[in-house]
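Letter by letter, the chains look like this.
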Amino acid sequence: MSLSQRTMAALLVLVLAAAMCAPAARAQLVMEDVKRRIDLTSFRAGFQTKLTVRNDGQTAAESVLLCFPNGLLDHAAVIETGDGGTKLKWAVALPPADAPAGVGCRAFQLAAPLGPGAKVSLQSEGLFTHVLQPKPAKIKQNEPQRVVYQDSAVLASPYAVEQQSTEIVLGTSNTASFTAVPPSKQSGSVVQYGPYQSTAPFALQPISVLYENSSPFAHVPELEREIEISHWGQVYFEERYTLRHAGAQVVGEWSRYDVMTKPAEFARAAIPGLSATLPPAAHSLYYRDAIGNISSSEARFGADQVSVQLQPRYPLFGGWLVKFLFGWSVPLQNCVTKMPTGRMAFVAPLGPAVHGLVVDQLTVRVVLPEGARGAQVEVGLPLEVPPEQGLKYTYLDVMGRPVVVLRISNYVDELNLPLKVEYTYSSLGLLQKPLLLVAVFGAIFAAAIALNRSGAALKGSPSSQAPRHRAPIRPISVSSSSHVAVASGGGAVQAPGVRRAAPATAARNMPVKPNKYIEEWGTRREHLETEYKWDNKTLITLAIWIGAVPYLIYQVTVGEFNRTDAVAQRPARAMLGSES
């Protein structure tokens, strides 16, 4: 037998031994008492389970296996189990071989090994999404919305249970039907199952509850939250929502008049608005969609927080969908601090500002300033996908801004934990953009000066085709009694009756090359005071170069900023002279 064959045989023996020992390990634990409370008053299903576990075996137990039926574990947003205030660590565990189909399990490690004959009290809490299904799936505007919930009357336990009971809170007494598993009854808005005695492992009792649920089923298939850090003094937050009402689809005629006059009957399950909470230093709030700004919102600024009520253009009914943006700004010092190590630390909530949502896919992007490096992310929850790194280019960026991207699936409000991003950034990086502008404009001016000094001229210009020359100065002899006449046009000086002297040859022999532009400029400067006049032509020229040209350059610059903001789906900035 080769080495690989012996290795495979040894692994097979270990797997078979583990499979044979698993029932024995489960047989030593017994659940004395189990009390379950299931809250179905909202769009989510909340679980609270109190367990008393006893070890009847001969060896200590280090972990407890908790299982859920009907694929509930696939819809779990939060599952936490504690032992006297201590949160237990968990890991995904394969269901036992004798478990029914659809059962999922997690193994929770005890704070201390449970010795033979010892007991431990555990409390488990969980939130599950998309477990309430509308029935019927389509209703009219004035019909109530009913949903169905499916579970088991007893705990899907891999251990024997001596006594257990289940309590389902519906929030309404309008229950169409529920599965009876004696002893079971309904008391007002609560359906009770049990107590049941001596239940065998995985002895499931399927149940179904059909009841009226008028809660707003605010479902967000995709949400993007972008945070842009600028060390010039602000941190910009923007959230892009795709909101959908996941309740029963409204069909048939729809009346807005009935919604306004009889909302309790015609809009009982609609989503009239959303609530958001911002830090107290938040400012520059905006709320808009594809059409433009949505004015039906209200913000109340308090000492501890800013409360915002967002109302869409129309109430959302079952099957309806709306997309919108919500953004604000916070001063830099409220979010970013400098650590003793010299690194910068950014701290903000992980999740969105709007409450009461079930988000299938949450994407958080933290855009660091250009020049930042060594980014490290700390989140208080496990991530299915590790954080990603990228680049983003905005105004006057050369190397691009580092971007940290986090993706969270099945997000609820209880997962809104602090997000911390540490990075290294030098304050000299603030000089990058001003120095870049100085360098660009300096290069332009240097090129213009070099072009001017080289004596180059554009082809076809009037000055190059018909150059004007300054008349040379000639020496004259003037007697004391002679009168001097100055020609107004040529610039030559001649005394009456005096013969013009011969041109001087000294200037011709000097090693100097006359520049026609300098000669022309000298001539024009000599006659500027006599030729320049304040008339309509000069006033129009000044108005064009002092007023119209700068205004045109300013409008082109503002338009470029607005086009860039529109592409990035940001609100238009308040520029000098604008109404906002």
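Residues numbered from 1 in each chain as written. Predicted model: local features only at pLDDT ≥ 70, side-chain atom pairs only at ≥ 80, totals over all residues. Heavy atoms only, no water.

Draft legend 1. Molecular detail of the sheet that holds strand 28 (residues 373-379). Pairing within the open sheet is antiparallel, and its four strands lie in the order 25-26-31-28. Strands with a single pairing partner mark the edges of an open sheet, and in this sheet they are strand 25 (336-338) and strand 28. Between one strand axis and the next, the sheet turns through 20 degrees on average, direction left out of account. Note: strand 28 against strand 31 (residues 418-424), five bridges, orientation antiparallel. Residue Val379 lies in a different strand from strand 31, and its bridge partner there is Leu419. (Pairing = 2+ DSSP bridges. Helix = DSSP H or I, 4+ residues; strand = E, 2+ residues; numbered from the N terminus. Axes fitted to C-alpha atoms, helices over the stretch in contact; angles between N-to-C directions.)

Draft legend 2. Here's a closer look at the state of the cysteines. One pass over the structure, following the stated rule, counts one disulfide. Residue Cys67 pairs covalently with Cys105 via a disulfide, S to S 2.1 Å. For the disulfide bridge between Cys67 and Cys105, the dihedral angle about the S-S bond is near 100 degrees, and by the sign convention the bridge is right-handed. Residue Cys67 is found in strand 3 (residues 61-68), and its partner Cys105 is found in strand 7 (residues 104-114); the two are separated by 38 residues along the sequence. For Cys67, a relative accessible area of 3% gives the class buried. (Disulfide = S-S within 2.5 Å. Buried < 20%, exposed > 50% of the residue type's maximum accessible area, 1.4 Å probe, protein only.)

Draft legend 3. Just the confidence of the model for the protein chain, in detail. Of all residues in the protein chain, 84% attain a pLDDT of 70 or more, and the chain-wide mean is 84. The low-confidence segment residues 1-24 (pLDDT under 50) makes one contact with residues lying over four places distant or belonging to another chain. Predicted confidence for residues 475-507 stays below pLDDT 50, and this span has 22 contacts to residues more than four positions away or in other chains. (pLDDT = per-residue confidence, 0-100. Contact = heavy atoms within 4.5 Å.)

Draft legend 4. Expanded view of the pattern of salt bridges. In this structure the tally under the stated criterion is 25 salt bridges. Across the salt bridge formed by Glu228 and Arg401, the nearest N and O atoms sit 2.8 Å from each other. Residue Glu228 is found in strand 17 (residues 218-230), and its partner Arg401 is found in strand 30 (residues 401-411); the two are separated by 173 residues along the sequence. Glu228 gets classed as buried once you look at its relative accessible area, which sits at 13%. The salt bridge partner of Arg343 is Glu422, with a shortest N-O separation of 3.9 Å. (Salt bridge = Lys/Arg side-chain N within 4 Å of Asp/Glu carboxyl O.)

Draft legend 5. Layout of the side chain of Asp151. Inspection of the secondary structure assignment puts Asp151 in strand 11 (residues 146-152). With relative accessibility at 2%, the residue Asp151 sits in the buried group. Of the polar contacts made by the side chain of Asp151, one reaches the side chain of Tyr149; its length is 2.6 Å. (Polar contact = N/O pair within 3.5 Å; in protein donor to acceptor, adjacent residues only side chain to side chain.)

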